[in-house]
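Spelled out from the first residue to the last, the chains are:
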Amino acid sequence: DKDLESGPRGVAFGDLDNDGFGDFVVATQGVTRVWIYYGAQDSQLIAVTPEVGKSPTGVAIGDLNNDGFQDIVVTNSGDDDEDLLYQVSILLGNGVRSGDAWTIIDVPVGVDPYGVAIGNLGGPTPLD
């Protein structure tokens, strides 16, 4: 894909569909989507590209809402061109292999977010 060649900036690994095979997400600056690659038993990759904010750069995977499905957090280093707002996109997963399956929440943040990490800061669950 030409857009993916334009500048991958972040990658995260996990099992997004709970099938026991590794999946990964790539954030590529300069576009408005991320690439989600689902692994499969036959070593084939299935790619979906849900829309996120402008110019995604950082990505992390973790179960943010404690529902048993991995979620994705993406930092977007481009502003929205209207209000000069920068965003973090939260993609809540449900285990389905589809770009439309993600519930996407955009959260305004400070200027030019670049990286993101998910961890348990308050113990024991959910992740922060």
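Up top is the structure.
A brief look at the structure comes next. Note that the coordinates shown come from a computational prediction; the quantities given were computed from them, not determined experimentally.

1. Comments concerning the packing of aromatic side chains
- With the rule as written, the count across this model stands at two aromatic pairs.
- Taking the centre distance of 5.8 Å and the plane angle of 40 degrees together, the rings of phenylalanine 13 and phenylalanine 24 count as tilted. Remark: phenylalanine 24 occurs in strand β2 (residues 23-28) and phenylalanine 13 occurs in strand β1 (residues 8-14); sequence separation between them is eleven residues.
- Residue classification places phenylalanine 24 among the partly exposed positions, given a relative accessible area of 21%.
- Geometrically, the ring pair formed by phenylalanine 24 and tyrosine 37 is stacked, given 4.9 Å between the ring centres and 20 degrees between the ring planes. Taken as a pair, phenylalanine 24 in strand β2 and tyrosine 37 in strand β3 (residues 34-39) lie far apart in primary sequence, 13 residues in all.
- Among the aromatic residues, ring-to-ring pairing joins Phe13, Phe24 and Tyr37 into one connected group.

2. Examining the sheet that holds β2
- Reading across the sheet, the four strands line up as β1-β2-β3-β4 and stay open at both edges, with antiparallel pairing between neighbours. Looking along the sheet, the strands with just one partner apiece sit at the ends: β1 and β4 (45-48). Looking at each pair of strands side by side, their axes are set apart by 20 degrees on average, direction ignored.
- Where β2 and β3 come together, four bridges link them in antiparallel fashion. Across the sheet, phenylalanine 24 pairs through a bridge with tyrosine 37, a residue of β3.

3. Things to note about the pattern of salt bridges
- Under the defined criterion, the tally for this structure stands at two salt bridges.
- A salt bridge links arginine 97 to aspartate 19, with the nearest nitrogen and oxygen atoms 2.7 Å apart. Pair noted here: arginine 97 is in the loop between β7 (86-92) and β8 (103-109) and aspartate 19 is in the loop between β1 and β2, with a separation of 78 residues, a long-range link.
- Given a relative accessible area of 30%, arginine 97 falls into the partly exposed group.
- Judged by its relative accessible area of 28%, aspartate 19 is partly exposed.
- One network of salt bridges, with partners in common, ties together Asp17, Asp19 and Arg97.

4. Description of the pairing of strand β6 (residues 71-76)
- For β6, a buried count of six out of six residues is recorded, marking the element as mostly surrounded by other parts of the structure.
- Both faces of β6 are covered, namely the face carrying Asp71, Val73 and Thr75 and the face carrying Ile72, Val74 and Asn76.
- Of the pairings in the sheet, the one linking strand β5 (residues 56-62) to β6 comprises six bridges and is antiparallel in character. Within the sheet, the bridge partner assigned to glycine 62 lies in β6 and is aspartate 71.

5. Description of the side chain of serine 89
- Along the chain, serine 89 falls in strand β7.
- Within the structure, the side chain of serine 89 is placed 3.0 Å from the side chain of asparagine 76, a separation counted as a polar contact.
- Once residues lying within four places of it in the same chain are set aside, the contact partners of serine 89 are Val52, Gly53, Ile72, Val73, Val74, Asn76, Ile105 and Asp106.

Scoring rules and cut-offs
- Residues numbered from 1 in each chain as written.
- Predicted model: local features only at pLDDT ≥ 70, side-chain atom pairs only at ≥ 80, totals over all residues.
- Heavy atoms only, no water.
- Phe/Tyr/Trp six-rings, centres within 6.5 Å; stacked < 30°, edge-to-face > 60°.
- Helix = DSSP H or I, 4+ residues; strand = E, 2+ residues; numbered from the N terminus.
- Buried < 20%, exposed > 50% of the residue type's maximum accessible area, 1.4 Å probe, protein only.
- Pairing = 2+ DSSP bridges.
- Axes fitted to C-alpha atoms, helices over the stretch in contact; angles between N-to-C directions.
- Salt bridge = Lys/Arg side-chain N within 4 Å of Asp/Glu carboxyl O.
- Polar contact = N/O pair within 3.5 Å; in protein donor to acceptor, adjacent residues only side chain to side chain.
- Contact = heavy atoms within 4.5 Å.

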